[in-house]
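# Analysis of the macromolecular model
So the chains spell out like this:
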Amino acid sequence: MTDTPDPDQPEFPALSDAELRETLDLMATAVASMSNRIDGLTMVANKQIAVSTEARIAAFAAREQTNPEKYGELIGQTVDGGIADSLTRLNKAAGVLLDSAERSSASFQETTTQHSNTLRLIQQLREKQQSDRRWLPWVGLGGVVLALVLTAALPRFLASNASACAVLGASWTMTTTGVNACVFYTE
């Protein structure tokens, strides 16, 4: 026998209003937490963008300083003097900063997507809750009708067989006309 779910059966039982409210409260807390995290990521991203911008400015300034027409001989002497290592480190640092900015941007996009998904889920839960509230009066009316039917029919059913009569604490007795009846004797 396989454990495949029946497509006619709901996968999860319907939640009560209290459970839905609790779920919405938990989701609102999660959204607020995610919003705070997004704010923190935004601050980190802004700092990295500022550092990246400074690195780019420094790279452009270094490029201006390395203009061969203007500083050809000076560049040769400076490179021979050890500036090439500094430029390599600066280029590596600029690459690392740009990579960090791209990763921060990707993380921000992912967080924004998760935030949107959470908001969409909250909206779906609210719509489900509204839909369930439309059926609530009909379910209540059905319960009242069922209670009335059982109030009228249950005693008659219970009194119609010997075992139910015994459960009620009565005696199953044959009347003088030959009909069986459930009788309560008082002392």
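Our structure's up above, just so we're on the same page.
Residues numbered from 1 in each chain as written. Predicted model: local features only at pLDDT ≥ 70, side-chain atom pairs only at ≥ 80, totals over all residues. Heavy atoms only, no water.

### What to know about the overall build of the protein
The helix and strand tally for the protein stands at three helices and two strands. When the helices and strands of the protein are read in sequence order from the N terminus, they spell out α-α-α-β-β. Across the 187 residues in the protein, those meeting the buried criterion constitute 12%. Element-wise, carbon and sulfur atoms account for 61% of the exposed surface of the protein, whose accessible area totals about 14,800 Å². (Helix = DSSP H or I, 4+ residues; strand = E, 2+ residues; numbered from the N terminus. Buried < 20%, exposed > 50% of the residue type's maximum accessible area, 1.4 Å probe, protein only. Areas by Shrake-Rupley, 256 points an atom, 1.4 Å probe, with all protein chains shown as cover.)

### Observations concerning the side chain of Thr118
For Thr118, the position within the fold is in helix 2 (residues 68-158). By relative accessible area, Thr118 is classed as buried at 16%. When residues no more than four places from it in sequence are discounted, the contact partners of Thr118 are Met27, Val31 and Met34. (Contact = heavy atoms within 4.5 Å.)

### Description of the nonpolar core
With six residues, the main nonpolar core is built from Leu20, Leu24, Met27, Val31, Ile122 and Leu125. Sorting the residues of this core by element identifies helix 1 (17-65) and helix 2 as the ones contributing at least two each. When residues of this core are assigned to their parent elements, the largest contribution, four residues, is made by helix 1. Not counting residues up to four positions away in its chain, the partners in contact with Val31 are His115, Thr118, Leu119 and Ile122. (Core = buried A, V, L, I, M, F, W, Y, C linked by side-chain atoms within 4.5 Å.)

### Quick look at a nonpolar patch on the surface
Together, Trp135, Trp138, Val139, Leu141, Val145 and Val149 line one region of the surface with nonpolar side chains, adding up to about 680 Å² of accessible area. Tracing the backbone through its elements, the reader meets Val139 in helix 2. Relative accessible area serves as the criterion here: at 58%, Val139 is assigned to the exposed category. (Patch = residues over 30% accessible without salt bridge, like charges linked within 9 Å, V, L, I, M, F, W, Y side chains within 5 Å. Salt bridge = Lys/Arg side-chain N within 4 Å of Asp/Glu carboxyl O.)

### Topic: the pairing of strand 2 (residues 180-183)
Regular strands place their side chains on alternate faces of the sheet. Direction of pairing for strand 1 (residues 171-174) relative to strand 2: antiparallel, over a ladder of four bridges. Counted as the bridge partner of Ser171 is Val183 from strand 2. In this antiparallel pair of consecutive strands, strand 1 and strand 2, the connection spans five residues, and Gly178 shows a positive phi of 90°. (Pairing = 2+ DSSP bridges.)

### Some points on the pattern of salt bridges
Within the structure shown, the criterion is met by two salt bridges. Residue Asp99 pairs with Arg103 through a salt bridge whose shortest N-O separation is 3.4 Å. In this pair, Asp99 and Arg103 are both assigned in helix 2, four residues apart and thus about one turn of the helix distant. Take Asp99: its relative accessible area is 37%, and that puts it in the partly exposed class. Among the salt bridges present, the one from Lys128 reaches Asp132, with a minimum N-O distance of 3.0 Å. Of this pair, Lys128 and Asp132 both sit in helix 2, four residues apart, which is roughly one turn of the helix. Residue Asp132 is classed as partly exposed on the basis of its relative accessible area, which comes to 25%.

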